[in-house]
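# An overview of the molecular structure
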Amino acid sequence: MCTAIAYSTKDHYFGRTLDMEISYNERVLITPRRYDFVFRYVKPLYEHYAIIGMGITMKGYPLYYDATNEKGLSMAGLRFPEFVDYKPVQRGKDNVATFELIPWILGQCQTVEEAIELLENVNVTGEDFSEEFPAAPLHWMISDREKSITLECLKEGIQIYDNPVGVLTNSPSFEMQMFNLNNYIRLSPEKPTNCFSDKIQLNTYSYGMGALGMPGDLSSMSRFVRASFTKLNSVCGETESESISQFFHILGSVYQQNGCVRLNEDEYEKTVYTSCCNVDKGIYYYKSYDNSQICAVKLFNENLSGQRVECYKLVHGEQIYCQN
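Let us look at the structure shown here. Worth saying up front: this structure is predicted, and the values here are computed from it rather than measured.

## Comments concerning the state of the cysteines
The tally for this structure, following the rule as stated, stands at zero disulfides. Summary of cysteine pairing: C153 is not part of a disulfide, and the nearest cysteine sulfur, belonging to C109, is at 16 Å. Judged by its relative accessible area of 1%, C153 falls in the buried class. Here C276 stays unpaired: no disulfide links it, and the sulfur of C277, its closest cysteine neighbor, is 7.5 Å away.

Okay, here's the thing in structure tokens:
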């Protein structure tokens, strides 16, 4: 299970948690402008926008979990089981496999509006990358500074939704997640008033009681509510350090600790990494489960006119600063 958010202060930020039972040795990947993106059905991209994000490489091909291009457009894929419905290859459509969708969009588009136009003729196929890497059931959030959308492949076809909260988690569908927010209309950062009855006196006895009823479990619907409430009520300064710190605090509201979500006898889902990309400056920040220190990789410090994907191993192990 995962959570993605888009957030703005002076600059714009995009990131996510990746919650899984195992790590696939993820790396921060930088794909330069002249890397050859050869797709299964649509025409290749021999020149495109440079991309930075988290993922793995297989046979030299970057498989992104989340990414941002040099123009500030961002995209993340989150698990969407039980609801996704990929279609077979269709004549007359732009047939794009799930693992190709992020580079296909970020390689060509500068804004969400350009992405929407590109997606008008798309058909997302469920083609496997390989036998070892079958197609993942996903839906996606695409964001720029002005707007976020959610892309879903449903039984009735491709659906694109405006995403006014700038948040995405996992199943069920985005429409259901948004409708569910109606159940929490009374949540507030303010001190609550007595709406129970005017016949008895009821008083607050603690700070934070305006958020009584906010779900605290780790299900995707509850994380959607919690991340949306936390993000939309967030107060933050405009410096880089304040902004990235607050971004990680927002995603901290949906952090999964090892042991709390049991999958099998010895397998537990946890937050493998948390990311935050300053999309205006092209700086990709991250933390891993066993390293709370924020690390950074800078897109524009690389030779973006090259052809080879650059990979940066994640820093693991706590980096503790001793003061005495």
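Let's pick the thread back up.
## Quick word on the environment of A67
Examined against the element boundaries, A67 turns out to sit in strand β5 (residues 61-69). Taking the C-alpha atoms as reference, A67 lies 9.0 Å from Y284; in sequence the two are 217 residues apart.

## Description of the nonpolar core
Counting residues in hydrophobic clusters, the biggest one holds 85 residues, and the most contacted among them are L101, W104, I105, W140 and I142. Setting aside residues up to four positions removed in sequence, I105 forms contacts with L73, M75, A115, L118, L119 and I142.

## Section: the pairing of strand β3 (residues 27-31)
The element β3 is largely enclosed, with a buried count of four among its five residues. As paired strands, β3 and strand β17 (residues 310-313) are joined by four bridges and run antiparallel to one another. Its bridge partner lying in β17, V28 is registered against Y312.

## Quick word on helix α4 (residues 220-232)
Residues spaced three or four apart along an α-helix face the same direction, because each turn holds 3.6 residues. With 13 residues, α4 should reach 18 Å at 1.5 Å per residue; the first-to-last C-alpha distance of 18 Å fits that figure. Burial of α4 is extensive: 10 of the 13 residues sit out of reach of the surface. Three or more residues of α4 are buried, namely S220, S222, R223, F224, V225, R226, A227, S228, F229 and K231. Against the buried residues of α4 lie β1 (2-8), β2 (12-20), β12 (167-168), α3 (174-180) and α5 (240-252).

## A look at the sheet that holds β5
In space, the eight strands of this open sheet follow the order β11-β10-β9-β6-β5-β4-β3-β17, with antiparallel pairing throughout. The two strands at the open ends of the sheet, each matched to only one other strand, are β11 (157-162) and β17. For this sheet, the mean inter-axis angle between neighbouring strands, taken without regard to orientation, is 30°. Relative to strand β6 (residues 74-79), β5 runs antiparallel, the two being bridged by three bridges. Considered in β6, the bridge of D66 is made with A76.

## Regarding unusual backbone geometry
Note: most peptide bonds trans; most residues except glycine with negative phi. For the bond from S171 to P172, the omega torsion is 10°, close enough to zero to count as cis. One non-glycine residue, N25, lies in the positive phi region at around 60°. Relative to the elements of secondary structure, N25 occurs in the loop between β2 and β3. Phi is positive for K59, which is not a glycine, with a value near 55°. Summarising the element assignment, K59 is placed in the loop between β4 (51-58) and β5. The class for K59 is exposed, based on a relative accessible area of 80%.

## What to know about the packing of aromatic side chains
Under the defined criterion, the tally for this structure stands at 12 aromatic pairs. Relative to Y61, the ring of F37 has its centre 6.0 Å away and its plane inclined at 75°; by these criteria the two rings are edge-to-face. Of this pair, F37 sits in the loop between β3 and β4 while Y61 sits in strand β5, and the two are 24 residues apart along the sequence. Comparing F37 with Y61 shows no difference in burial state: the two are buried. Put simply, the rings of Y35, F37, F39, Y61, F99 and F129 touch in pairs and so form one group of aromatic residues.

## Topic: the pattern of salt bridges
One side chain can pair with another of opposite charge once the charged atoms of both are near each other. Within this structure, the stated rule accounts for 10 salt bridges. The partner of K281 in a salt bridge is D11, and the shortest N-O contact between them spans 2.4 Å. Here K281 is found in the loop between β14 (267-278) and β15 (283-288), whereas its partner D11 is found in the loop between β1 and β2, with 270 residues between them in sequence. For D11, a relative accessible area of 11% translates into the label buried. The residue R33 makes a salt bridge to E70 at a minimum N-O spacing of 2.9 Å. With a gap of 37 residues between them, R33 in the loop between β3 and β4 and E70 in the loop between β5 and β6 connect regions that are remote in the sequence. For E70, a relative accessible area of 16% gives the class buried. Members of the salt-bridge network, linked through shared partners, are E113, K147 and D162.

Parameters and conventions
Residues numbered from 1 in each chain as written. Predicted model: local features only at pLDDT ≥ 70, side-chain atom pairs only at ≥ 80, totals over all residues. Heavy atoms only, no water. Disulfide = S-S within 2.5 Å. Buried < 20%, exposed > 50% of the residue type's maximum accessible area, 1.4 Å probe, protein only. Helix = DSSP H or I, 4+ residues; strand = E, 2+ residues; numbered from the N terminus. Core = buried A, V, L, I, M, F, W, Y, C linked by side-chain atoms within 4.5 Å. Contact = heavy atoms within 4.5 Å. Pairing = 2+ DSSP bridges. Expected span 1.5 Å × (residues − 1). Axes fitted to C-alpha atoms, helices over the stretch in contact; angles between N-to-C directions. Phe/Tyr/Trp six-rings, centres within 6.5 Å; stacked < 30°, edge-to-face > 60°. Salt bridge = Lys/Arg side-chain N within 4 Å of Asp/Glu carboxyl O.

Read these as geometric descriptors, not functional statements.
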